[in-house]
Structures are given as C-alpha cells and as structure tokens.
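As a plain string of letters, each chain reads:
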Amino acid sequence: MDIKPMKILILEDDVSACNDFINCIKSRNDIDLVGMTASDIDALKYVKLRRPEGIVLDIELNNSDSGNTDSLEFLSELKNLNLDYNPIIIVTTHINSERTYDILHRNGVDIILYKNHPKYSCNHVLNKFIALRNTSPLNSVASLQENIIETQDRISNLIYYELNLIGIPRKLKGCTYAHDAILYLIQNNDNKINVIQYLTKIHKKSGTTLTNGIQNAIIHAWRKSSLEDLSMHYTAKINYETGLPTPMEFIYYYVEKIKKLI
C-alpha cells in the first residue's frame, strides 16, 4: 500500500510565500495541503477539522486581517485543544533571536527555519516535514485502526462544530444525542437498526427522553441564536406553523450536510 501524502497546514500572511508553497506542493505527490490562512484563529479551526500532520508557522502575521499579529498565541491555544496526536511544527521566520527560538522550542516547535538563510526554500521546508514524519507501514492492522479512528474523530469534531455554529453547545444533552444520531447514520448507510433504537441502546434512555432532548436543543438554538446565523448555517425548509424543524428533520439535514463536507 502506498504511503498517503502528508497533510500540511500553512499559517502564513505573505502572499508571495503562500504562492511559492502552493507551486511547490503542486509539483509533489507526498504533500496534501489541507489549509492555508493568515489568521491564527482560522488556523485553529483547520487543526480541529482537518487534523494536519504538519504545520508551517510564520511567526510574524502583520498582514493578517483577523487574529493576532504573531503566532505565539496560536501555540498556546494549540496546546489547549488537547489533541490526541502531536503535529510536527516548523516555524519559518525572519527573526534571528536565540531567546525567541528558545521560547518557540519550549512551546512545542520542532524546527525553526530562518527565511534569510541561503538554503531556505519551500521545498526545503517540505522536505524537513517528510524527514520527520513517522513512516511506519500503513498496511498494518494498527495503522488501519488508527486511520479509522482518525476519520471518525474528524467527522465527530465536524458535527460538533456545525451544531455549535447555530448555538447548540456540547454541554447540552440534546447536543450529544443529536451528534451520536448523525454520526451513526453517516457511518451506517444501510443501517438495520432505527436511529432512535440505537440511541436508546447506547444511552440507556427511553426514545421519548432522547427525542425530547434533541428537540430541546433545537428550541435552545432557535431562541438563543440570531436569525442571520440560523439562516446562514441551517438552510433546510422549516414548517411555517411551528417555526422549528422536527428532531428527525434536523438529524437528516446534518447527515447530508456533513457527508458533503467530508
């Protein structure tokens, strides 16, 4: 089995540098660019949704339209995500300071590459990622299981992210029930067990309790969120008499939406 391309996220605010990376990656078959942004805030979203194996980190983000003007805050927030894996982080910078380099290494940076060095290039950066990558055989049982878990985690995080966009936080029981129902239906296209039966089995609750929990989460969203957010992120038609989707309408809407996103 061929080794999959390494998933890379690039946090860089210089347009020329971004174009150089894009052109380098186009000429290679061992790198998969899963995100490129000048915002440390958006970069954290990419990490949660796309789970990059490697991150290119520009220290100075002076041209960013949102977020911080440096990526030190990004490193702190990355730790707070409590990821179940450690992405390889390579910093690219014009700064040549031992004190700064020490701070970066203490915050989990693997390599710091000085942009003004004669040997610096985008391909040089990408080659460093490949050299650091764990290249254990992907056809082992452990690796296949890891891929399955990674895919499930990515879908799970995406579901929670989409629900949060309309104002349904994880702390709500109904959010958990809706999440589990959506994930189950995505992973079981030919499911023989009714989704509510599945939920009763894993949560040890009655079907009525589970359905009411999801409905309460929907009511919470429609009461707390702005009409702009709801109309932007939930585009299905709603019964004009109730003004709310039913639990099953809600679940199946997100099943189809998440399938398109993955």
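Note: the structure precedes this text.
Residues numbered from 1 in each chain as written. Predicted model: local features only at pLDDT ≥ 70, side-chain atom pairs only at ≥ 80, totals over all residues. Heavy atoms only, no water.

Peer 1: Can you break down the nonpolar core residue by residue, with the values?
Peer 2: Core analysis: the biggest nonpolar cluster contains 35 residues, and Trp-222 and Phe-250 have the highest contact counts within it. Those elements giving two or more residues to this core turn out to be α6 (141–165), α7 (173–187), α8 (195–203), α9 (207–224) and α11 (247–261). If one sorts the elements of this core by residue count, α7 sits on top with nine residues. Not counting residues up to four positions away in its chain, the partners in contact with Trp-222 are Ile-166, Leu-230, Tyr-234, Ile-238, Gly-243, Leu-244, Pro-245 and Phe-250. Formed by 20 residues, the second largest nonpolar core is a distinct cluster that contains Ala-43, Val-47, Ile-55 and Leu-78. (Core = buried A, V, L, I, M, F, W, Y, C linked by side-chain atoms within 4.5 Å. Buried < 20%, exposed > 50% of the residue type's maximum accessible area, 1.4 Å probe, protein only. Helix = DSSP H or I, 4+ residues; strand = E, 2+ residues; numbered from the N terminus. Contact = heavy atoms within 4.5 Å.)

Peer 1: Quick one: what's the story with the packing of α8 against α9, residue by residue and with numbers?
Peer 2: With their axes 9 Å apart at the nearest point, α8 and α9 run at an angle of 105° to one another. By the angle class used here, α8 and α9 are roughly perpendicular. The residues of α9 that touch α8, namely those facing Ile-196, Leu-199, Thr-200 and His-203, are Gly-207, Leu-210, Thr-211 and Ile-214. Looking at the contact of α8 with α9 residue by residue, the class counts come to four nonpolar, four polar and no charged. (Axes fitted to C-alpha atoms, helices over the stretch in contact; angles between N-to-C directions. Parallel < 35°, antiparallel > 145°, perpendicular 65-115°, else oblique. Nonpolar A, V, L, I, M, F, W, Y, C, P; charged D, E, K, R; others polar.)

Peer 1: With reference to specific residues and values, describe the environment of Ser-121.
Peer 2: Relative to the elements of secondary structure, Ser-121 occurs in the loop between β5 (111–114) and α5 (122–132). Taking relative accessible area as the criterion, Ser-121 reaches 30% and is therefore assigned partly exposed. One polar contact links the side chain of Ser-121 to the main-chain amide nitrogen of His-124, over a distance of 3.0 Å. (Polar contact = N/O pair within 3.5 Å; in protein donor to acceptor, adjacent residues only side chain to side chain.)

Peer 1: Account for the packing of α7 against α11, naming residues and giving values.
Peer 2: The angle between the axes and the distance between the axes are what describe a pair of packed helices. With their axes 9 Å apart at the nearest point, α7 and α11 run at an angle of 55° to one another. Taken together, the axis directions place α7 and α11 in an arrangement best described as oblique. Our pair here, α7 against α11, has a crossing hand that is right-handed. Where α7 approaches α11, its residues Ala-178, Ala-181, Ile-182, Leu-185 and Ile-186 are matched on the opposing element by Phe-250, Ile-251, Tyr-252, Tyr-254, Val-255, Ile-258 and Lys-259. (Left-handed = near helix turned anticlockwise from the far one by under 90°.)

Peer 1: Report on the pairing of β5, specifying residues and quantitative values.
Peer 2: Where strand β4 (residues 88–93) and β5 come together, four bridges link them in parallel fashion. If you follow Ile-90 over to β5, its bridge partner there is Ile-111. Assessed by its sense of winding, the connection that carries the chain from β4 through helix α4 (residues 98–106) to β5 is right-handed. (Pairing = 2+ DSSP bridges. Right-handed = clockwise from strand over helix to strand, strands pointing away.)

Peer 1: Report on the sheet that holds β4, specifying residues and quantitative values.
Peer 2: Read from one edge to the other, the open sheet built from five strands follows the order β2-β1-β3-β4-β5, with strand pairing classed as parallel. Looking at strand neighbours, the two that pair on one side only are β2 (31–37) and β5, the edges of this open sheet. Neighbour-to-neighbour, the strand axes of this sheet turn through a mean angle of 20°, independent of strand direction. Taken strand by strand, helix α3 (residues 72–80) contacts β1 (6–11), β3 (54–58) and β4, and its axis lies near 150° from that of β3. Where α4 meets the sheet, its contacts fall on β4 and β5, and the angle it forms with β5 comes to roughly 145°.

Peer 1: So what about the packing of aromatic side chains? Which residues, and what values?
Peer 2: Summed over the entire model, instances satisfying the criterion amount to seven aromatic pairs. Ring centres 5.4 Å apart and planes at 80° place the aromatic pair Trp-222 and Tyr-234 in the edge-to-face group. On the criterion of sequence distance, the pair formed by Trp-222 in helix α9 and Tyr-234 in the loop between α10 (227–233) and α11 is long-range, its members being 12 residues apart. Residues Trp-222 and Tyr-234 agree in their burial class; the two are buried. (Phe/Tyr/Trp six-rings, centres within 6.5 Å; stacked < 30°, edge-to-face > 60°.)

Peer 1: Go over the side chain of Ser-225, please, and point to the residues and values.
Peer 2: Locating Ser-225 in the fold gives a position in the loop between α9 and α10. According to the relative accessible area criterion, Ser-225 is buried, its value standing at 15%. At a separation of 2.5 Å, a polar atom in the side chain of Ser-225 contacts the main-chain carbonyl oxygen of Ile-166. Excluding its chain neighbours within four sequence positions, the residues that come into contact with Ser-225 are Ile-166, Gly-167 and Leu-230.

Peer 1: Tell me about the state of the cysteines, residues and numbers included.
Peer 2: The term disulfide refers to a covalent linkage connecting the sulfur atoms of a pair of cysteines. Applying the stated rule across the entire model yields zero disulfides. Between Cys-122, a cysteine without a disulfide, and Cys-24, which holds the nearest cysteine sulfur, the sulfur-to-sulfur distance is 4.3 Å. Cys-122 sits in the buried class, given a relative accessible area of 9%. (Disulfide = S-S within 2.5 Å.)

Peer 1: So what's going on with α9? Which residues, and what values?
Peer 2: With 18 residues, α9 extends 26 Å from end C-alpha to end C-alpha; this agrees with the ideal 26 Å at 1.5 Å per step. Regarding α9, the residues found buried are Leu-210, Gly-213, Ile-214, Gln-215, Ala-217, Ile-218, Ala-221 and Trp-222. Where α9 is buried, its residues meet α7, α8, α10 and α11. (Expected span 1.5 Å × (residues − 1).)

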